[in-house]
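# Structural overview for review
Letter by letter, the chains look like this.
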Amino acid sequence: MRYSKGSVGRIFLLKFDDNDVVMKEIDKFARRERLKCAALIFMGALKEGDIVTGPKKPVIPPEPNWTKFRDGWEVLGIGTIFVNKSGPQIHVHASMGKKNRVLTGCVRKNSKVFLVIEAIVFEIKGVKATKEVDPDTGLNLLKIL
């Protein structure tokens, strides 16, 4: 394990509206505010989208198990934002529920908001970190500098 110590910088309150594409809006926000390192928490509902619910098998490199969802799900999530040469690298995991079904995994692609999502973003100052594609796993992994 490696670690780096930082402190909380700016704190932002975000409100996502119906049909907003969550990952695109987070990316736009991170670019606008020039975030280099941040953590976020959120709650609300997602209308439809894609989530990776673990690997198909526990092997390296992993093959993602893609799951589509639709028809509105309650959601609670957490994520990180780091930057590399390509810009913000956003990693969001969420747990979603509808009736007696639950999905947990990595929110991807064009997942859309249903009604509202409220989020709090905590900028982390004093930490030097980035995301790079790991050649063994093919995943965009955290690298503490």
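First, a word on scope: everything that follows refers to the structure included in this document. These numbers come from a predicted model, not from an experiment. (Residues numbered from 1 in each chain as written. Predicted model: local features only at pLDDT ≥ 70, side-chain atom pairs only at ≥ 80, totals over all residues. Heavy atoms only, no water.)

### Examining the pattern of salt bridges
If you walk through the whole model with that rule in mind, you get 12 salt bridges. Asp50 is the partner of Lys68 in a salt bridge, and the nearest nitrogen-oxygen pair spans 2.9 Å. A residue pair is termed long-range when its members are at least 10 positions apart, and Lys68 in strand S3 (residues 64-69) and Asp50 in strand S2 (residues 37-55) qualify at 18 residues. For Arg70, the salt bridge goes to Asp71, with nearest N and O atoms at 3.1 Å. For the pair Arg70 and Asp71, a shared accessibility class is recorded, and that class is exposed. (Salt bridge = Lys/Arg side-chain N within 4 Å of Asp/Glu carboxyl O. Helix = DSSP H or I, 4+ residues; strand = E, 2+ residues; numbered from the N terminus. Buried < 20%, exposed > 50% of the residue type's maximum accessible area, 1.4 Å probe, protein only.)

### Some remarks on the packing of aromatic side chains
Going through the model one piece at a time under the given rule, you end up with 1 aromatic pair. Aromatic side chains Phe12 and Phe29 sit 5.0 Å apart centroid to centroid with 80 degrees between the ring planes, which places their arrangement in the edge-to-face category. Of this pair, Phe12 sits in strand S1 (residues 7-17) while Phe29 sits in helix H1 (residues 22-33), and the two are 17 residues apart along the sequence. On the basis of relative accessibility, which here comes to 15%, the residue Phe12 falls in the buried class. Of note, Lys109 hangs over the ring of Trp66, and the distance from its end group to the ring centre comes to 4.4 Å. (Phe/Tyr/Trp six-rings, centres within 6.5 Å; stacked < 30°, edge-to-face > 60°. Lys NZ or Arg CZ within 6 Å of the ring centre and 35° of its normal.)

### A closer look at empty space enclosed by the protein
All chains considered together, the criterion is met by 1 cavity of 30 Å³ or more. Of the volumes computed, that of the largest cavity is approximately 30 Å³. Residue assignment for the lining of the largest cavity shows that the elements contributing at least two residues are S1, H1, S2 and strand S6 (101-125). For the lining of the largest cavity, a count of residues per class yields 8 nonpolar, no polar and no charged. (1 Å grid on protein atoms, 1.4 Å probe; cavity = no way out; pocket = protein on both sides within 12 Å on 5 of 7 lines; lining within 4 Å. Points joined across faces, edges and corners; volume = space filled by probe spheres on them. Nonpolar A, V, L, I, M, F, W, Y, C, P; charged D, E, K, R; others polar.)

### With respect to the layout of surface pockets
Over the atoms rolls a probe the size of a water molecule, and its path tells where empty space is left. Estimated volume of the largest pocket: approximately 610 Å³. As for the largest pocket, its lining consists of 24 residues, and the residues nearest its centre are Ile90, His91, Cys106, Arg108 and Asn140. Elements that contribute at least two residues to the lining of the largest pocket include exactly H1, S2, strand S5 (87-98), S6 and strand S8 (140-144). The biggest single contributor to the lining of the largest pocket is S5, with 6 residues. When its residues are assigned to classes, the lining of the largest pocket shows 13 nonpolar, 6 polar and 5 charged. The volume enclosed by the second largest pocket comes to roughly 210 Å³. Lining the second largest pocket are 14 residues, with Lys36, Cys37, Ile124, Val127 and Lys128 sitting closest to its centre. Counting residues per element, the ones that place at least two in the lining of the second largest pocket are S6 and strand S7 (129-133). Of the residues belonging to the lining of the second largest pocket, the class tally is 7 nonpolar, 2 polar and 5 charged.

### Some points on the side chain of Thr67
Relative to the assigned elements, Thr67 resides in strand S3. Here Thr67 is in contact with Gly49, Asp50, Ile51, Thr53 and Leu103, once residues within four sequence places are set aside. (Contact = heavy atoms within 4.5 Å.)

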